[in-house]
Amino acid sequence: MKSKYTFVVVVLILGLITSAYPAFAGQIAVESFAGSGGRGYQDGSRLKANFSIPYGITPDKQGNLLAADSYNHCIRKIVGGQATTVAGFFDIKDAFGLPVGALVDGDALKARFNRPRDIAVDSKGDIYVADTLNHVIRKIFGGKVYTFAGTGESGYQDGKGDKAKFNHPSGLAIDGEDNLYVTDTLNHVIRMVTPKGEVTTFAGKHSTQGGYQDGDMKTALFNEPADLDMDKDGALYIVDSGNQLIRKAYEGKVTTFAGSRGALMEGTDYAQGGFSDGYAASFNFPKGIDVTEDGAILVADTWNHAVRRIEKDGKVVTVVGTGKPGNTNGVLSDAALNGPVDVLYYSGNLYISDMWNNSIKVMPYDIQQNTQSIDIEQMVQSINYQPVSDEIQIWVNGKQVEFPDVKPYIKDGKTFMPLRFIVEACGAQVKWHDTTQQVQLIEKDFSTFATLNDDTLKLENGRTMVHVRYLADSLGYKIKWVPEHSAVVISTK
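Residues numbered from 1 in each chain as written. Predicted model: local features only at pLDDT ≥ 70, side-chain atom pairs only at ≥ 80, totals over all residues. Heavy atoms only, no water.

Student: Just checking my understanding: could you explain the overall build of the protein chain for this structure?
Tutor: Scanning the protein chain for helices and strands turns up 4 helices and 39 strands. A buried classification covers 56% of the 493 residues belonging to the protein chain. A separation threshold of at least 6 residues defines the contact pool for the protein chain, and within that pool the share at least 24 residues apart is 49%. Summed over its atoms, the accessible surface of the protein chain is roughly 20100 Å², and 50% of this surface lies on carbon and sulfur atoms. (Helix = DSSP H or I, 4+ residues; strand = E, 2+ residues; numbered from the N terminus. Buried < 20%, exposed > 50% of the residue type's maximum accessible area, 1.4 Å probe, protein only. Contact = heavy atoms within 4.5 Å. Areas by Shrake-Rupley, 256 points an atom, 1.4 Å probe, with all protein chains shown as cover.)

Student: What's the story with unusual backbone geometry in this structure? I'm lost.
Tutor: Most of the time, phi is negative for any residue but glycine, and the peptide bond is trans. Non-glycine residue Ile 53 carries a positive phi angle of around 55 degrees. The exposure class assigned to Ile 53 is buried, which follows from its relative accessible area of 6%.

Student: For this particular structure, what's the right way to read the sheet that holds strand E29 (residues 393-396)?
Tutor: As a general point, the strands of a sheet are linked pairwise by backbone hydrogen bonds and lie either parallel or antiparallel. One open sheet holds the 4 strands; their spatial order is E30-E29-E39-E38, and the pairing between them is mixed. Because the sheet does not close on itself, it has two edges, and the strands there are strand E30 (399-400) and strand E38 (478-482). Of the strand pairs in this sheet, E29 and E30 are connected by 2 bridges, and their pairing is antiparallel. Residue pairing in the sheet places Val 396 in a bridge with Lys 399 of E30. (Pairing = 2+ DSSP bridges.)

Student: Quick question: what am I supposed to make of the environment of Tyr 128 here?
Tutor: Among the structural elements, Tyr 128 can be located in strand E9 (residues 127-131). By relative accessible area, which is 4% here, Tyr 128 ends up buried. Here Asp 122 takes part through its side chain, which lies 3.4 Å from a polar atom of the side chain of Tyr 128. (Polar contact = N/O pair within 3.5 Å; in protein donor to acceptor, adjacent residues only side chain to side chain.)

Student: Help me understand the pairing of strand E13 (residues 180-184) in this model?
Tutor: Of all 5 residues in E13, 5 are buried; the element is thus mostly enclosed. Neither face of E13 is exposed, since Leu 180, Val 182 and Asp 184 on one face and Tyr 181 and Thr 183 on the opposite face are all buried. Pairing of strand E12 (residues 169-174) with E13 involves 5 bridges; the strand directions are antiparallel. Along E13, the bridge assignment pairs Ala 173 with Tyr 181. Counting the residues between successive antiparallel strands, the hairpin from E12 to E13 contains 5 residues, one of them, Asp 178, with a positive phi of roughly 70 degrees. Linkage of E13 to strand E14 (residues 189-193), two consecutive antiparallel strands, is achieved through a turn of 4 residues, within which His 188 is found at a positive phi near 60 degrees.

Student: It is not clear to me how the environment of Gly 326 should be interpreted in this structure. Could you clarify?
Tutor: Note that Gly 326 resides in the loop between strand E24 (316-320) and strand E25 (330-331). Looking at Gly 326, the relative accessible area reads 18%, which means it is buried. Taking the C-alpha atoms as reference points, Gly 326 and Gly 339, 13 residues apart in sequence, are found 9.0 Å from one another. Residues contacting Gly 326, with those up to four places away along its chain left out, are Ala 336, Leu 337, Asn 338 and Asn 357.

Pasting the structure below:
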């Protein structure tokens, strides 16, 4: 998705642009970068401009932020504090008052798109657009828009650009040779387009319903891949949205890099989504990805309303987002997103295309850090606790853990809580070994065993309860009791 070219001028310009938004002293904060939050179409001051379901974002060669303004069928640019239109035009609205798309080449501001979803910029500064509902790849240069590959009809066909067919192309990435990689979403494959417009299938076996299979690039199966990006070694990381996974295509093989694929949702071909960090992490229909030059992998986890980060060893942590939809700026623990569909790290800042808030958010971010980089004391201070009641609140990494039946309790000065819910919220796994009557706690390649006893583990109404201090001693978690809120705060960071 993101261009791999670095220019000093880009850093300078983006640095000037982002200095315009305020930050909370001493704390990482999320702010609006572009878009009023109201849905519509309006150029002008970046915070007063209107967007309609913004999707892919990327910098151009001059360091301006480009955005695929999907439901306005145009490409927007934020430069000098202003939001402008680079290409695209509409003059017809449907019965619901929404702009109607079309496929028209020509002068940039008279050309027509149909729900564009992503943008890539090549080494010359030319702009490529995944024109999703037109089933084509468009090219913008010299003030004009051209159809670069695709016939305009949905289908599946390799070959010359004007003969090739796509089916809902959604995500774009570009390599150092200006080859374009495309998530051909409803063909369930990854395509490659050369600078001359030759289209081939790069990874995945074409299917009508999608599937899941690692292995050889030609036989691997995807399920509605939504986006992709390439690292400095040439490995493609693919958002396999329908499988709730991040896949990796490299050296002729497709592997699963991050995420857990659960059972299919009843009556569908989609895997069940979830929201958990760690090595056995889960996603919920992620749509966007950015691989930074330092190797950090950032994912827009759309239906979890969060941005996640994947470490080199596959561990997943949540950067920002509560797991619930919202439109709240401010410090990370309070910030809420609503359908983030793309993410871009640039010049020390993280940009988020917040689809259903019709805006682009920004926050300072240190890619050398795993997460929000706050210690346990900062975490304690940043949480919005529930009103005090008879129940003990449990918070893991700033998110409250819910218990469907057996609740945490205090006995003889010790706090016990249901083991499985806590450990899974921390990104680890629990296995019960019936023959030895032991519980095994697993986190990646580390595991520890515990036997039921009154001090650390006990059974209560069919649930294994764990003494909170045991988690600190066995897995190294940081734990803080907050008496004024009857709360236990746990940090795995």
